[in-house]
Structure formats: C-alpha cells, structure tokens
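Structural description and commentary
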Amino acid sequence: MNRFEQKTVLVTGGTSGIGLAAAQAFAAEGARVIVTGRDAAALETTRATLGARAVAIQNTAGAPGAAAALADALQTAGIRLDAVFVNAGIAKFATLADATEDLWDQTFNTNIKGVFFQLQALDPLLNPGASIVLNGSINAHIGMPASSIYAASKAALISLAKTLSAELLPRGIRVNVVSPGPISTPIYGKLGLDAEALEKTAAGIQAQIPLGRFGTPQELASTVLHLAAPESAFIVGTEIIVDGGMSQL
C-alpha cells in the first residue's frame, strides 16, 4: 500500500521504539518522513534507514523555544505537513511519598506543555485535512501505583485531543490519540532498575495482559498509520487503546 505517497509526515521522538517503528512504517508507504530526537548519531542512523527524502532534526521536546525552533526549521525548508505523530515523551514513576516537584515539572513540561506548544508552533504548517496523532497511555485509565504524575499528564493529553479537534475541525484537521499498553521498547531499560528487578517488573506486567505478551512497536505503529490515513476520516477526537486487553478485560 502507498497511503502516504506524496505526503509529508513528522514523527517526534522518532529514533527508537514506537517512534522509529512509526517513521519506518510511514516511509514504507511512500511518505517523506521527518524525525526529531536528541541524539545526533541516532538521528543520522535513522535518517539513513528512511531513505533519501527523509529529514532528521535535532530537537528536545518539552520547551516552547525548542518547539518554535523546529517549526522555523521546517518553514525555512519549505516543508508543510500532512500528518504529525507526537510521540516524544517521558515515563518516570514515583510514589506519592517519593514524588518531587522536579519530577512533576519534567513530566508535564515534556508530555503536555511541550506537546501543546509544539502543535501551536506547527499549526501554520499543517495542510488542510492534516491528521495529528498523540501518543497517550493506558496509565490514564488504570490507576497503576506510582504512576500518578505520568498518568495525569497522559490524561491531560487525551483531553487536549478533544479540545484541539473541535478548534481545528473547520480546517479539516483531525486530532486523535493512540494509547499503548505494555510495548517492548527501550523505555523499560530507562527505569533505573537492575536486570533482576527489570525482569521481575516485566513478568509482573505481562501477567496482567490478557494476550499474555507485550505488544510490538510495529503493532502500535499500524494504529498510528490508520489514524493518520484518509481511511479514518470519520474518527475525530478519539482514543484508540492498544494494550492486549490489559485495561479492557
């Protein structure tokens, strides 16, 4: 299929995990893909795998200044967007007793403030009929211990999709959310756990998934492409949960 032939797609946080899988899937269906990330080497490797038309831009999610810089770089290059997958985010966990103001600020600055101002900056570059997909999380729904700050940021993101959908609808621009459950991505290696604790944590999570396994980044990416494609034109302000039944059964 070539659902994105002659289309330009931006994937933030596109050098690993879900973002990389989505960028590769968009490219495989004909899109010119732009990816952002913090690591210059990872960006170059990703750009090379996405084909000659791909663009890689070093950018840190979470600050209005960085959001404006990304939009300026795209505008200077004469790039307009047909789809945006806002994937960049952080997932850090702490109990009520251990949570800090710094953790709150870092999480909300990246997962919601950064997203809002990134979309504000990109707004003039969105073509009529463009699709925006935000990366949410089932943590907004399931009440997992120690996830209160992260879960609240993702709940705010789901609300943002609805309000921005109503605001952008006159231009034919849709905003939707894909909310993953446990997906096998490098993020689990960034939780600060040793190998034994990480294995125990993964086993405990897997036991809660009705399908009995973690999802793959490619499975999540296929839903992102569905929400970004014309075939989902009647889906607006909606959240699609991809979690192997974890939050549903």
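Residue numbers restart at each chain and count upward from 1, following the sequence in its written direction. Under the rules for a predicted model, residues below a pLDDT of 70 receive no local features and side-chain atom pairs below 80 are neither given nor counted, while totals for whole chains, interfaces and linings still include all residues. Excluded from the side-chain calculation are hydrogens and water; included are all heavy atoms of the structure.

Points about the side chain of Ser232
Note the following rule: Helix and strand assignments follow DSSP, with helices taken as H or I runs no shorter than four residues and strands as E runs no shorter than two, numbered in order from the N terminus. Polar contacts, as used here, are pairs of N or O atoms within 3.5 Å; protein pairs need one atom able to donate a hydrogen and one able to accept it. Residues neighboring in sequence count only if both atoms are side-chain atoms.
Summarising the element assignment, Ser232 is placed in the loop between helix H8 (217-228) and strand S7 (239-242). A polar contact is formed between the side chain of Ser232 and the backbone oxygen of His226, at a distance of 2.8 Å.

Concerning the nonpolar core
Basically, it comes down to this: Working definition of a nonpolar core: buried Ala, Val, Leu, Ile, Met, Phe, Trp, Tyr and Cys residues. They are joined through side-chain atoms within 4.5 Å. Partly exposed residues are those whose accessible area sits between 20% and 50% of the maximum for their type, while under 20% is buried and over 50% is exposed, using a 1.4 Å probe and protein chains only. Only heavy atoms enter the contact rule, under which two residues are in contact if any of them lie within 4.5 Å.
Counting residues in hydrophobic clusters, the biggest one holds 33 residues, and the most contacted among them are Leu74, Leu81, Ile132 and Leu134. Within the residue set of this core, elements represented by two or more residues are strand S3 (55-58), helix H3 (64-76), strand S4 (81-86), helix H4 (101-122), strand S5 (126-135), helix H6 (148-168) and strand S6 (174-180). Dropping the residues within four chain positions of it, Leu74 is found in contact with Leu10, Ile34, Ile57, Ile79, Leu81, Leu122 and Leu125. Ranked by size, the runner-up nonpolar core spans 28 residues in total, among them Val11, Ala25, Val35 and Leu43.

Considerations on the packing of aromatic side chains
Rules: Ring pairs shown here join Phe, Tyr and Trp side chains whose ring centres sit within 6.5 Å, with only the six-membered ring taken for Trp; geometry is labelled stacked below 30 degrees between planes, edge-to-face above 60, and tilted in between.
Inspection of every chain in the model, using the stated rule, returns four aromatic pairs. Both rings, one in Phe93 and one in Tyr150, keep their centres 5.3 Å apart while their planes meet at 65°; by these two values the pair is edge-to-face. Remark: Tyr150 occurs in helix H6 and Phe93 occurs in the loop between S4 and H4; sequence separation between them is 57 residues. Ring centres 5.2 Å apart and planes at 85° place the aromatic pair Phe116 and Phe117 in the edge-to-face group. The class for Phe117 is partly exposed, based on a relative accessible area of 29%.

So, the packing of H4 against H6
Formally: Fitted lines through C-alpha atoms give the axes, limited to the stretch in contact for helices. The angle between two N-to-C directions lies from 0 to 180 degrees. Each angle gets one of four labels, with under 35 degrees taken as roughly parallel, over 145 as roughly antiparallel, 65 to 115 as roughly perpendicular, and the rest as oblique. What makes a crossing left-handed is the near helix being turned counterclockwise from the far one by less than a right angle; a clockwise turn instead makes it right-handed. The classification used treats Ala, Val, Leu, Ile, Met, Phe, Trp, Tyr, Cys and Pro as nonpolar, Asp, Glu, Lys and Arg as charged, and all other residues, Gly among them, as polar.
Relative orientation of the contacting elements H4 and H6 amounts to 15°, with a least axis distance of 9 Å. The orientation of H4 with respect to H6, classified from their angle, is roughly parallel. Judged by the twist between their axes, the crossing of H4 over H6 is right-handed. On H6, the residues that touch Leu103, Trp104, Thr107, Phe108, Asn111, Ile112, Val115, Phe116 and Leu119 of H4 are Ile149, Tyr150, Ala152, Ser153, Lys154, Ala156, Leu157, Leu160 and Leu164. A class-by-class count of the residues in the contact of H4 with H6 yields 14 nonpolar, three polar and one charged.

Shape is all these values report; function is a separate question.
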